[in-house]
Amino acid sequence: MKIGVFDSGKGGTTVLAVVKKMLPDEEYCYIGDSENCPYGEKSDAELMRIVRGHVENLRGWGAKIIVIACNTATTRCIEKLRAEYPDLKFVGTEPAIKLAAETEARKILVMATPGTIHSERTEHLMLENQKNGQEIDLLACPGLADVIEADDGIEEKLTELLSEVERDYEVVVLGCTHYSLIKDELRKIFPSAILVDGGEGVAKQVAKIISFC
Ligand code: DGL
């Protein structure tokens, strides 16, 4: 089965790696759209225009399953894509709020792009999964995906975004696939936190779809 994967750049490679590890015998094609990075600060209409182009290309290359390896594009476009392309199966990447809440951690931080943080889907994930007495704080990180994509200015951006943020979070949700590329840096900032992302959930979902085909 051919699986198409896209993101606004190299963030989605973190998802692709997890999916490939679980499903090594499938065929993959990847679009890393660094030209349009960042997605996190684009309007819904512009983002839909961009991702539609990727879906058309991936479908043209024979992909039957499309992995949206981008939390921003998933939270804001997946429903519309499913309606527009009923012949394709879409698997989205979402902030791993469910996984974080299941750990019973007392304090959880969710880091993501402004687009993801302010989406209805993120609000819904919080309402669905937050346990009694659990604090879940949302942190929009404008510009962080850009510096990771450029591999320049990461330390300065992290200082700017996180200097006022408390350090005692037990779980930090990496709600943007780019952030999984800087786990080492984030571990130094939140030394006692477990870092979680959506990669594993995506891989399981792809495996489930393949098992039905
Ligand atoms: N890697 C993406 C995400 O997971 C998008 C980052 C961006 O382009 O703003 O949200």
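Above this text sits the structure in question.
Before going into details, it helps to say that this report is about the structure given with it. Since the structure is predicted, the reported quantities are computational estimates derived from the model, not experimental observations.

Turning our eyes to something else, we now look at the overall build of the protein chain. From N to C terminus, the protein chain includes ten helices and eight strands. For 213 residues, the compact-globule estimate of 2.2 N^0.38 gives 17 Å, and the protein chain sits close to it at 17 Å. Principal-axis analysis of the C-alpha atoms places the extent of the protein chain at approximately 45 × 35 × 30 Å. Across the protein chain, every contact between residues at least 6 apart in sequence was considered, and the portion connecting residues at least 24 apart equals 75%. Carbon together with sulfur atoms contributes 49% to the accessible area of the protein chain, which is approximately 10,100 Å² in total. When the 25 positive and 36 negative side-chain charges of the protein chain are each reduced to one mean point, those points stand 5 Å apart.

On to the packing of aromatic side chains. Scanning all chains against the criterion turns up two aromatic pairs. Relative to F190, the ring of Y169 has its centre 6.3 Å away and its plane inclined at 75 degrees; by these criteria the two rings are edge-to-face. Of the two residues, Y169 is situated in the loop between helix 8 (154–162) and strand 7 (171–174) and F190 in the loop between helix 9 (183–189) and strand 8 (194–196); the sequence distance between them amounts to 21 residues. For Y169, a relative accessible area of 5% gives the class buried.

Next up on the list: the packing of helix 2 (residues 44–60) against helix 3 (residues 71–84). Where helix 2 contacts helix 3, the two axes come as close as 10 Å, and the packing angle between them is 65 degrees. Remark: the crossing between helix 2 and helix 3 carries right-handed chirality. Contacts between helix 2 and helix 3 pair D44, L47, M48, V51, R52 and V55 from the former with T72, A73, R76, C77, K80, L81 and E84 from the latter. In terms of residue class, the contact of helix 2 with helix 3 is built from seven nonpolar, one polar and five charged.

Now for the nonpolar core. Counting 24 residues, the largest nonpolar core has M111, L144, L162, V172, Y179, L186 and F190 as its most contacted members. When contributions to this core are tallied by element, the ones reaching two or more residues are strand 5 (107–112), helix 7 (144–150), helix 8, strand 7 and helix 9. Among residues more than four places away in sequence, those in contact with F190 are L109, M111, L162, V165, E166, R167, Y169 and V172. Grouped together as the second largest cluster of nonpolar side chains are 21 residues, I68, I78, L81 and F90 included.

The next thing to look at is the environment of A112. Structurally, A112 can be placed in strand 5. Residue class for A112 comes out buried when judged on its relative accessible area of 0%. In this structure, the C-alpha to C-alpha distance between A112 and G175, residues 63 residues apart in sequence, is 4.5 Å.

Here we take up the site of the ligand. Close to the ligand lie 14 residues, the nearest being S8, Y39, T72, T177 and H178. Take D7: an N or O atom from its side chain is 3.0 Å from a nitrogen atom of the ligand. Contacts to the ligand include H178, whose side-chain N or O atom sits 2.8 Å from a nitrogen atom. Surface burial for the ligand is 99%, taken as the share of its 300 Å² of free accessible area covered by protein chains. Counting atoms within 2 Å of the grid points, the majority share of the ligand lands in the largest cavity. The residue makeup of the shell around the ligand, split by class, is six nonpolar, seven polar and one charged.

Before going further, it helps to examine unusual backbone geometry. In the segment running from C37 into P38, the intervening peptide bond is cis, with an omega of 10 degrees. Note that P38 resides in the loop between strand 2 (27–32) and helix 2. Non-glycine residue E104 carries a positive phi angle of around 65 degrees. Relative accessible area serves as the criterion here: at 56%, E104 is assigned to the exposed category. One non-glycine residue, D151, lies in the positive phi region at around 55 degrees. Here D151 lies in the loop between helix 7 and helix 8. On the accessibility criterion, D151 (57% relative accessible area) is exposed.

Reading the values: rules and limits
Residues numbered from 1 in each chain as written. Predicted model: local features only at pLDDT ≥ 70, side-chain atom pairs only at ≥ 80, totals over all residues. Heavy atoms only, no water. Helix = DSSP H or I, 4+ residues; strand = E, 2+ residues; numbered from the N terminus. Rg over C-alpha atoms; globule rule 2.2 N^0.38 Å. Contact = heavy atoms within 4.5 Å. Areas by Shrake-Rupley, 256 points an atom, 1.4 Å probe, with all protein chains shown as cover. Lys, Arg positive; Asp, Glu negative; His and termini not counted. Charge placed at Lys NZ, Arg CZ, Asp CG, Glu CD. Phe/Tyr/Trp six-rings, centres within 6.5 Å; stacked < 30°, edge-to-face > 60°. Buried < 20%, exposed > 50% of the residue type's maximum accessible area, 1.4 Å probe, protein only. Axes fitted to C-alpha atoms, helices over the stretch in contact; angles between N-to-C directions. Left-handed = near helix turned anticlockwise from the far one by under 90°. Nonpolar A, V, L, I, M, F, W, Y, C, P; charged D, E, K, R; others polar. Core = buried A, V, L, I, M, F, W, Y, C linked by side-chain atoms within 4.5 Å. Near = heavy atom within 4 Å. Polar contact = N/O pair within 3.5 Å; in protein donor to acceptor, adjacent residues only side chain to side chain. 1 Å grid on protein atoms, 1.4 Å probe; cavity = no way out; pocket = protein on both sides within 12 Å on 5 of 7 lines; lining within 4 Å. Sits in = over half its atoms within 2 Å of the grid points.

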